[in-house]
Amino acid sequence: MKFGTKAVHAGVAPDPSTGAIMTPIFQTSTYVQEAPAKHKGYAYARGANPTRNTLQQSLAALENGKFAICFSSGMGATDAVIKLLNPGDEVITSNDLYGGSYRMFKRVFEKYGIKFHFTDLTHADNVKPLINNKTKLFWLETPTNPLMNIVDIKAFTDIAKKNNILVAVDNTFASPYLQNPLDLGADIVMHSVTKYLGGHSDVIMGALVLNDEKLYQELAFIQNSCGAVPGPQDSFLVLRGIKTLHLRMERHCINGRKVAEYLKKHPKVGKVYWPGFSDHPNHEIAKKQMRDFGGMLSFTLKDDSVEKANKLMVSVELFSLAESLGGVESLISHPASMTHASIPKEERIKSGLVDSLIRLSIGVEDHEDLIADLEQALGKV
Ligand SMILES: *Cc1c(COP(=O)(O)O)cnc(C)c1O
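Residues numbered from 1 in each chain as written. Predicted model: local features only at pLDDT ≥ 70, side-chain atom pairs only at ≥ 80, totals over all residues. Heavy atoms only, no water.

### What about the overall build of the protein chain?
Here comes step 1: A count of helical and extended segments in the protein chain gives 13 helices and twelve strands.
Here comes step 2: Along the first, second and third principal axes, the C-alpha set of the protein chain runs to 75 × 50 × 35 Å.
Here comes step 3: Expressed as a percentage of its 381 residues, the buried residues of the protein chain come to 55%.
Here comes step 4: For the protein chain, the share of sequence-separated contacts (at least 6 apart) that also reach a separation of at least 24 residues comes to 73%.
Here comes step 5: Summed over its atoms, the accessible surface of the protein chain is roughly 16,700 Å², and 53% of this surface lies on carbon and sulfur atoms.
Here comes step 6: Charge-centre separation for the protein chain: the mean point of 42 positive side chains lies 3 Å from the mean point of 41 negative side chains. (Helix = DSSP H or I, 4+ residues; strand = E, 2+ residues; numbered from the N terminus. Buried < 20%, exposed > 50% of the residue type's maximum accessible area, 1.4 Å probe, protein only. Contact = heavy atoms within 4.5 Å. Areas by Shrake-Rupley, 256 points an atom, 1.4 Å probe, with all protein chains shown as cover. Lys, Arg positive; Asp, Glu negative; His and termini not counted. Charge placed at Lys NZ, Arg CZ, Asp CG, Glu CD.)

### Quick look at the site of the ligand
Here comes step 1: Neighbouring the ligand are 14 residues, the closest being Gly 74, Asp 170, Ser 192, Thr 194 and Lys 195.
Here comes step 2: For the ligand, a nitrogen atom lies 2.6 Å from a polar atom in the side chain of Asp 170.
Here comes step 3: Within the contact set of the ligand, an oxygen atom lies 2.8 Å away from a side-chain nitrogen or oxygen of Lys 195.
Here comes step 4: The protein chains hide 93% of the 380 Å² of surface that the ligand would expose on its own.
Here comes step 5: Residues that form the shell around the ligand fall into these classes: six nonpolar, five polar and three charged. (Near = heavy atom within 4 Å. Polar contact = N/O pair within 3.5 Å; in protein donor to acceptor, adjacent residues only side chain to side chain. Nonpolar A, V, L, I, M, F, W, Y, C, P; charged D, E, K, R; others polar.)

### Quick word on the pairing of strand β4 (residues 135-141)
Along any regular strand the residues' side chains alternate between the sheet's two faces.
Here comes step 1: In terms of burial, β4 is a largely internal element, six of the seven residues being buried.
Here comes step 2: Across four bridges, the pairing between strand β2 (residues 90-94) and β4 is parallel. Within β4, the residue paired with Ile 92 across the bridge is Phe 138.
Here comes step 3: Handedness of the crossover is the feature at issue here: the chain leaves β4, passes through helix α5 (residues 153-163), returns alongside strand β5 (residues 166-170), and the resulting connection is right-handed. (Pairing = 2+ DSSP bridges. Right-handed = clockwise from strand over helix to strand, strands pointing away.)

### Things to note about the domain arrangement of the protein chain
Here comes step 1: Each assigned domain of the protein chain is listed here: domain 1 (3-242) and domain 2 (245-378).
Here comes step 2: Look at where the C-alpha atoms of domain 1 and domain 2 centre, and you get two points 26 Å apart.
Here comes step 3: In this complex, domain 1 contributes 36 residues to the contact, which on the side of domain 2 involves 38 residues.
Here comes step 4: For the pair domain 1 and domain 2, the summed buried surface comes to about 3,100 Å²; carbon and sulfur atoms form 62% of the total.
Here comes step 5: For the pair domain 1 and domain 2, the interface holds one salt bridge. (Domains from an automatic or database assignment. Buried area = accessible area lost by both parts, 1.4 Å probe. Salt bridge = Lys/Arg side-chain N within 4 Å of Asp/Glu carboxyl O.)

### Examining the pairing of β2
Here comes step 1: In terms of burial, β2 is a largely internal element, five of the five residues being buried.
Here comes step 2: In the sheet, β2 pairs with strand β3 (residues 115-119) via five bridges, with the strands oriented parallel. Across the sheet, Glu 90 pairs through a bridge with Lys 115, a residue of β3.
Here comes step 3: Each parallel crossover has a hand, and the one from β2 via helix α4 (residues 99-109) to β3 is right-handed.

### Description of the pattern of salt bridges
Here comes step 1: Applying the stated criterion across every chain yields a total of 15 salt bridges.
Here comes step 2: With a shortest N-O distance of 3.1 Å, Asp 279 and Lys 264 are connected by a salt bridge. Taken together, the positions of Asp 279 in the loop between β8 (269-273) and α10 (283-289) and Lys 264 in helix α9 (residues 245-265) put the pair 15 residues apart, joining distant regions of the chain.
Here comes step 3: Asp 279 sits in the exposed class, given a relative accessible area of 54%.
Here comes step 4: Look at Lys 264 and you get partly exposed, because its relative accessible area is 40%.
Here comes step 5: With a shortest N-O distance of 3.2 Å, Lys 345 and Asp 355 are connected by a salt bridge. One end of the pair, Lys 345, is in helix α12 (residues 345-350); the other, Asp 355, is in the loop between α12 and β12 (358-361), with ten residues separating them in the sequence.
Here comes step 6: Its relative accessible area of 46% is what places Lys 345 among the partly exposed residues.
Here comes step 7: Its relative accessible area of 11% is what places Asp 355 among the buried residues.
Here comes step 8: One salt-bridge network, in which partners are shared between bridges, spans Lys 345, Arg 348 and Asp 355.

### Quick look at α5
Here comes step 1: Taken together, the buried positions of α5 are Ile 153, Phe 156, Thr 157, Ile 159 and Ala 160. Buried residues of α5 fall within an arc of 160° about the axis and therefore sit on the same side. Turned more than 90 degrees off the buried face of α5, the exposed positions are Lys 161 and Lys 162.
Here comes step 2: Tucked into the core, α5 has its buried residues touching β4, β5 and α10.
Here comes step 3: Once α5 finishes, Asn 164 follows within two positions and takes phi at roughly 60°, a positive value. (Arc of directions from axis to C-beta.)

### Describing the packing of helix α3 (residues 74-82) against α4
Here comes step 1: For the pair α3 and α4, interaxial distance at closest approach is 11 Å and the crossing angle is 45°. With respect to each other, α3 and α4 are oriented oblique. Crossing of α3 over α4 shows right-handed handedness. For the pair α3 and α4, contact is made by Met 75, Thr 78, Asp 79 and Ile 82 and by Gly 100, Ser 101, Met 104, Phe 105 and Phe 109, respectively. (Axes fitted to C-alpha atoms, helices over the stretch in contact; angles between N-to-C directions. Parallel < 35°, antiparallel > 145°, perpendicular 65-115°, else oblique. Left-handed = near helix turned anticlockwise from the far one by under 90°.)

Laid out in structure tokens, this is it:
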């Protein structure tokens, strides 16, 4: 089955008791048993819920995986992966990482004796000197937030296999429509389902998708033991969102390209970060591992000042100034003062995250209107 057909149909079947074409919202905490421990696979809803199960089957199909587990947030999903590790284990990850992942690794898990190396992963060879017999996990994110760097997933899974290291990929920015890390040898895919999969800015959820049954059992055990499960109403909303994932992504990609090209030519704009440009440092890798380049991009102003960036962000009318991404509506944000404010200024600027850097999540509106809005706002700075 091709992607669009899977988005509409995979994992979903009419409800056997009524024929309802949409999976019902099974709003229940427990299930009546015929005799002690004799039930239909559902005992208590922390362990399993039919609405959630249907969503998990759909997500597994979209990522070409065998198993999916949905969590109450993207961070809940990431938390479960790190809990596979033991004190003394080491993780290698990117120095250009979702801020919440960095915070969890550093401030929650380091004190349990897990060591995290944050390094530049845009060249896979950079990782080799850091590998030792305690290295248990590569945590990759590509494209990265907000600088849209690209990590070569296949190069990392090749290195990992030789060294018995698990590879987890945060695939949030790409969505399963653009990139399928399991096909490139990754062991675990993580999604903030909150973003493109949900797609309508109305749900917080996370997911893991994988092929290995033993690893699946371990992660399901961690989830049931620790409790970060999503509710059936949210599962329903994401099931509904997924039915148009391919249509939304097509439009996000078209609009992303139009806006990126417009900004690149604008006299007040400095750099535009978007992996679809042929002069993006890892454009060839992006072309190899992604179906298209998505609707996320960042740019700077030639006049690099917080004041100018702020002026632009309060001058837009169609874009909303907000954190998050991947919804149908276009958003604008200022990483230096919002999502990445906790990084010391010197380090931030070294990595390219300057004061005027602005991040856009391009929605599915008409691109002419989005560009007209940016044009009038840039005219005011
Ligand atoms: C939002 C996000 C997360 C965290 O997901 P939540 O659903 O907000 O917990 C992780 N990684 C990336 C890349 C994200 O954008």
